[in-house]
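Geometric and topological summary
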Amino acid sequence: KAKATTIKEALSRWEEKTGQRPSEAKEIKLYAQIPPIEKMDASLSTLGNCEKLSLSTNCIEKIANLNGLKNLRILSLGRNNIKNLNGLVGYCFTF
């Protein structure tokens, strides 16, 4: 099995592609990584300005490490392997 892409690796690819610094960006798209992302790791805490984060179409099982995302308004996690919503406790959402 191929080693999963880490959030850190995905962010550095995204930065190369867009020319934006992840720590300053308002919108970050890390969907459909090859190989897929499996973990929402601590690298997410560097995205303090991010308002819209797409992690859809990966293999994430657990929602985690959202604490540093103070400006997050939209989190896209469709088409993953999420088993429960425990990582979202304490966040206020409107649907």
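In this report, the structure presented in the accompanying data block is examined.

About the thresholds
Residues numbered from 1 in each chain as written. Predicted model: local features only at pLDDT ≥ 70, side-chain atom pairs only at ≥ 80, totals over all residues. Heavy atoms only, no water. Salt bridge = Lys/Arg side-chain N within 4 Å of Asp/Glu carboxyl O. Helix = DSSP H or I, 4+ residues; strand = E, 2+ residues; numbered from the N terminus. Core = buried A, V, L, I, M, F, W, Y, C linked by side-chain atoms within 4.5 Å. Buried < 20%, exposed > 50% of the residue type's maximum accessible area, 1.4 Å probe, protein only. Contact = heavy atoms within 4.5 Å. Pairing = 2+ DSSP bridges. Axes fitted to C-alpha atoms, helices over the stretch in contact; angles between N-to-C directions.

1. Some words on the pattern of salt bridges
For the coordinates displayed, the defined rule picks out five salt bridges. The salt bridge partner of Lys26 is Glu51, with a shortest N-O separation of 3.5 Å. Here Glu51 lies in the loop between strand E1 (27–29) and strand E2 (52–54) and Lys26 lies in the loop between helix H1 (7–18) and E1, a separation of 25 residues in the sequence. For Glu27, the salt bridge is made with Lys29, and the minimal N-O distance between the two is 3.7 Å. Among the charged side chains, a network of salt bridges with common partners joins Glu27, Lys29 and Lys52.

2. A closer look at the nonpolar core
Counting 21 residues, the largest nonpolar core has Ile28, Leu30, Met40, Leu47, Leu53 and Leu55 as its most contacted members. Sorting elements by how many residues they give to this core places H1 first, with four residues. In this view, Leu53 contacts Ile28, Leu44, Leu47, Leu69, Leu72, Ile74, Leu75 and Ser76; residues no more than four positions away in its chain are not counted.

3. Side note on the sheet that holds E2
If you walk across this open sheet you meet the three strands as E1-E2-E3, and the pairing is parallel. Unpaired on one side and paired on the other, E1 and strand E3 (74–76) mark the two borders of the sheet. Pairs of neighbouring strands in the sheet enclose a mean axial angle of 0°, with direction left out of account. Bridge analysis of E1 against E2 gives three bridges, and the strand direction is parallel. Each bridged residue has a counterpart across the sheet, and for Ile28 the counterpart in E2 is Leu53.

None of this, on its own, says anything about what the molecule does.
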